[in-house]
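Inside the fold
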Amino acid sequence: MRSPFDFFRKSEPVIEPLKVHDCELMSRLHGEGFSRPWTDGEFRSLLSQGPVFGFIARPQGSGGKPAGFVLSRLVAGEAEILTVVVSKSARRAGVGHRLVSAVLQRLHHVRAESIFLEVDESNAAAIGLYRRFGFAEVARRPSYYDTPTGKSAALVMRLDLK
């Protein structure tokens, strides 16, 4: 049943496979979430590699700024989330969840065995998201990320898919 207040709700973004022509948008979005954003050339290089894939969250209809994206790699049954970015305006709206879900669905379809990721130990929202999917910390990389206040560790997290 629809609520009379549904018009206040933002429409769900459409999740689509990443394409090379998305690289400039990806670079701009990456700059919102990381102190050293990747360039569109770095994204082009990654997306030109066969085992690299990802998804972008676009607003429904035409136009508008993408809400986020995820970039992953799959080699010999083992996957890695290379980066996930959700625009500041779309955070806490389920976009990250939908992007990670899209990756996990693809990995399930190709029968991948496991997936890893690294996340800044100070990124409580991302850590909470990954834990809700069942990721567990398996290692720690001290002084991995540059932050405005110095260095922070990366948590290496893993999810077994089989």
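Figured I'd write up the structure that's included with this text. (Residues numbered from 1 in each chain as written. Predicted model: local features only at pLDDT ≥ 70, side-chain atom pairs only at ≥ 80, totals over all residues. Heavy atoms only, no water.)

Right, let's get into unusual backbone geometry. A positive phi angle is found at Ala76, which is not glycine, with a value near 50°. Structurally, the position occupied by Ala76 is in the loop between strand S3 (68–75) and strand S4 (78–86). (Helix = DSSP H or I, 4+ residues; strand = E, 2+ residues; numbered from the N terminus.)

On to the sheet that holds strand S6 (residues 136–147), then. Pairing in this open sheet of seven strands is mixed, and the strands run S1-S2-S3-S4-S5-S7-S6 from one edge to the other. If you trace the sheet from one side to the other, it starts and ends with strand S1 (14–17) and S6, each paired once. Each neighbouring strand pair of the sheet contributes to a mean axis angle of 25°, computed without reference to strand direction. Here four bridges tie S1 to strand S2 (residues 52–58), and the two strands are oriented antiparallel to one another. When the sheet's bridge partners are listed, Pro17 is paired in S2 with Phe55. Contacting S2, S3 and S4, helix H1 (residues 23–33) crosses the sheet at an angle of about 105° to S3. Against the sheet, helix H3 (residues 95–109) contacts S1, S2, S3, S4, strand S5 (114–120) and strand S7 (150–160), and its axis sits at roughly 145° relative to S2. (Pairing = 2+ DSSP bridges. Axes fitted to C-alpha atoms, helices over the stretch in contact; angles between N-to-C directions. Contact = heavy atoms within 4.5 Å.)

Below, the discussion takes up helix H4 (residues 124–133). Turning to H4, its buried residues number three or more, namely Ala126, Ile127, Leu129, Tyr130 and Phe133. Looking down the long axis of H4, one finds its buried residues gathered within 160° of arc, a one-sided arrangement. Exposed residues lying more than 90 degrees from the buried face of H4 are Ala124 and Arg132. Packing partners of the buried residues in H4 comprise S4, H3, S5 and S7. (Buried < 20%, exposed > 50% of the residue type's maximum accessible area, 1.4 Å probe, protein only. Arc of directions from axis to C-beta.)

A few words on the packing of H3 against H4. Interaxial distance between H3 and H4 falls to 11 Å at its minimum, and their mutual angle equals 40°. In terms of axis orientation, H3 runs oblique to H4. Of the two possible hands of crossing, H3 and H4 adopt the one that is right-handed. Each of Gly96, His97, Val100, Ser101 and Leu104 in H3 lies in contact with H4, whose residues at this interface are Leu129, Tyr130 and Phe133. Each residue belonging to the contact of H3 with H4 can be placed in one class, and the counts come to five nonpolar, three polar and no charged. (Parallel < 35°, antiparallel > 145°, perpendicular 65-115°, else oblique. Left-handed = near helix turned anticlockwise from the far one by under 90°. Nonpolar A, V, L, I, M, F, W, Y, C, P; charged D, E, K, R; others polar.)

Approximately 1,400 Å³ is the volume attributed to the largest pocket. If you go around the largest pocket, you meet 38 residues; those closest to its centre are Gly33, Phe34, Val84, Asn123 and Ala126. For the lining of the largest pocket, the secondary-structure elements that each account for two or more residues are H1, S4, H3, S5, H4 and S6. Of all the elements, S4 adds the most residues to the lining of the largest pocket, at seven residues. Among the residues forming the lining of the largest pocket, the class breakdown is 19 nonpolar, ten polar and nine charged. (1 Å grid on protein atoms, 1.4 Å probe; cavity = no way out; pocket = protein on both sides within 12 Å on 5 of 7 lines; lining within 4 Å. Points joined across faces, edges and corners; volume = space filled by probe spheres on them.)

This paragraph deals with the nonpolar core. Proteins that are soluble and globular tend to have nonpolar side chains buried together. Counting 30 residues, the largest nonpolar core has Leu107, Ile115, Val119, Tyr130 and Phe135 as the members making the most contacts within it. Within the residue set of this core, elements represented by two or more residues are S2, S4, H3, S5, H4 and S7. Here this core gets seven residues from one element, more than from any other, and that element is H3. Among residues more than four places away in sequence, those in contact with Ile115 are Ala79, Glu80, Ile81, Val103, Leu104, Leu107, Phe135, Met157, Arg158, Leu159 and Leu161. One finds Leu18, Met26, Phe43 and Phe69 within the second-largest nonpolar core, a separate group that totals 13 residues. (Core = buried A, V, L, I, M, F, W, Y, C linked by side-chain atoms within 4.5 Å.)

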